[in-house]
Amino acid sequence: MLSSSLNTMKTSLLLCLATLIAAPLALAADKAVDYPKATPLVTFVLPDTWVVDLDDEGLMATPTKDDDSVIVELSELEAGLDSLEAALKEAKETVSEFKNMKYDEIEKGQKDGLGIAILNAEGEDDNGKAFINLVLLAKPGAKNWILLSCISSKEGSEKQGAAIGAMIGSIKAK
């Protein structure tokens, strides 16, 4: 009986040790992404396996080259930091191809040097139901709002939900 308890304890300790060793490796598998390319204003973290296309026009990221079940885009809006209403209107225009849009209440706050306004929505396109996160970012001293939009299918949301949440949670001023 005592031998069985000791084996169980040894197994538990080995699993705990393996978890402690693997945790930093899992964090190292993430990559920091800065936006915009020329003079970064914000930074966030994506899983290392995600494909990122960053140019002067904006940023687009997907889980893999062939998986567009989640699309993350960053772009600078025309709306100045003095007008959240204009930024919200412009952000909604970026998803105008979706039908039957249902918007949640806007959430506002501050995070790591940024003003943040989050507008979550659900809509439909030719592929079915879509989950949409419109995250408006305001860095003090910047000229315009930055829009981070995350659009995912039901399957993409289920499969990549943790990565999406971690990405949004990692956003901070550069």
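Structure first, text after, so check above.
Here the structure is a predicted model, which means the values were calculated and not measured.

A. The overall build of the protein, seen in detail. Check the secondary structure of the protein and you find three helices and 11 strands. Starting at the N terminus and ending at the C terminus, the protein contains elements arranged as α-β-β-β-β-β-α-β-β-β-β-β-α-β. In the protein, buried positions account for 37% of the 174 residues. Sequence-distant contacts, at least 24 apart, represent 47% of the contacts inside the protein between residues at least 6 apart. Looking at the protein as shown, the accessible area adds up to about 10,500 Å², and 55% of this sits on carbon and sulfur atoms.

B. Structural view of helix 3 (residues 154-170). Here helix 3 contains 17 residues, and its C-alpha end-to-end distance of 23 Å stays within 8% of the 24 Å for a straight helix at 1.5 Å per residue. Most pronounced at Gln160, the bend in helix 3 amounts to some 75 degrees. Those residues of helix 3 that fall on the buried side of the exposure criterion are Gly156, Gln160, Ala163, Ile164, Met167, Ile168 and Ser170. Summarising the contacts, the buried residues of helix 3 are in contact with strand 2 (42-47), strand 5 (70-80), strand 7 (107-111), strand 9 (128-138), strand 10 (144-153) and strand 11 (172-173).

C. Representation of the side chain of Asn144 in the model. Relative to the assigned elements, Asn144 resides in strand 10. Residue class for Asn144 comes out buried when judged on its relative accessible area of 12%. A distance of 3.2 Å separates the side chain of Asn144 from the side chain of Glu76, its partner in a polar contact. A polar contact is formed between the side chain of Asn144 and the backbone oxygen of Leu77, at a distance of 3.1 Å.

D. Highlighting the sheet that holds strand 11. Strand order in the open sheet made by the three strands is 1-2-11, with antiparallel pairing throughout. The sheet terminates laterally at strand 1 (30-35) and strand 11, the two strands that pair on one side only. As defined by bridge partners, strand 2 adjoins strand 11 across two bridges and the pair is classed as antiparallel. Its bridge partner being in strand 11, Thr43 is matched across the sheet by Lys172. Its contacts with the sheet place helix 3 against strand 2 and strand 11, and it is angled at close to 160 degrees to strand 2.

E. Quick peek at the environment of Ile164. With respect to the helices, strands and loops of the structure, Ile164 is situated in helix 3. You can call Ile164 buried: its relative accessible area is 8%. Spatially, the C-alpha atom of Ile164 lies 9.5 Å from that of Pro47, the residues being 117 residues apart in sequence. Not counting residues within four places of it along the chain, the set of residues in contact with Ile164 comprises Val70, Asn133, Cys150 and Ser152.

F. Examining the pairing of strand 1 more closely. As judged from the six bridges shared by strand 1 and strand 2, these two strands associate in the antiparallel manner. The residue bridging Asp30 from the neighbouring strand is Pro47, located in strand 2. The turn joining strand 1 and strand 2, which pair antiparallel and follow one another in sequence, is formed by six residues.

G. Geometry of unusual backbone geometry. The omega torsion of the bond from Tyr35 to Pro36 falls at -10 degrees, within 30 degrees of zero and hence cis. Structurally, Pro36 is set in the loop between strand 1 and strand 2. Positive phi is not limited to glycine here, since Asp112 has a value of about 45 degrees. Along the polypeptide, Asp112 turns up in the loop between strand 7 and strand 8 (114-125). Looking at Asp112, the relative accessible area reads 46%, which means it is partly exposed.

H. How the structure looks around the pattern of salt bridges. If you walk through the whole model with that rule in mind, you get four salt bridges. Among the ionic pairs, Asp34 bridges to Lys174, the shortest N-O distance being 3.4 Å. Here Lys174 lies in the segment after strand 11 and Asp34 lies in strand 1, a separation of 140 residues in the sequence. We note a salt bridge from Lys129 to Glu122, for which the minimum N-O separation is 3.2 Å.

The rules behind the values
Residues numbered from 1 in each chain as written. Predicted model: local features only at pLDDT ≥ 70, side-chain atom pairs only at ≥ 80, totals over all residues. Heavy atoms only, no water. Helix = DSSP H or I, 4+ residues; strand = E, 2+ residues; numbered from the N terminus. Buried < 20%, exposed > 50% of the residue type's maximum accessible area, 1.4 Å probe, protein only. Contact = heavy atoms within 4.5 Å. Areas by Shrake-Rupley, 256 points an atom, 1.4 Å probe, with all protein chains shown as cover. Expected span 1.5 Å × (residues − 1). Bend = angle between axes of the 7 residues up to and from the residue. Polar contact = N/O pair within 3.5 Å; in protein donor to acceptor, adjacent residues only side chain to side chain. Pairing = 2+ DSSP bridges. Axes fitted to C-alpha atoms, helices over the stretch in contact; angles between N-to-C directions. Salt bridge = Lys/Arg side-chain N within 4 Å of Asp/Glu carboxyl O.

Geometric values such as these leave the question of function open.
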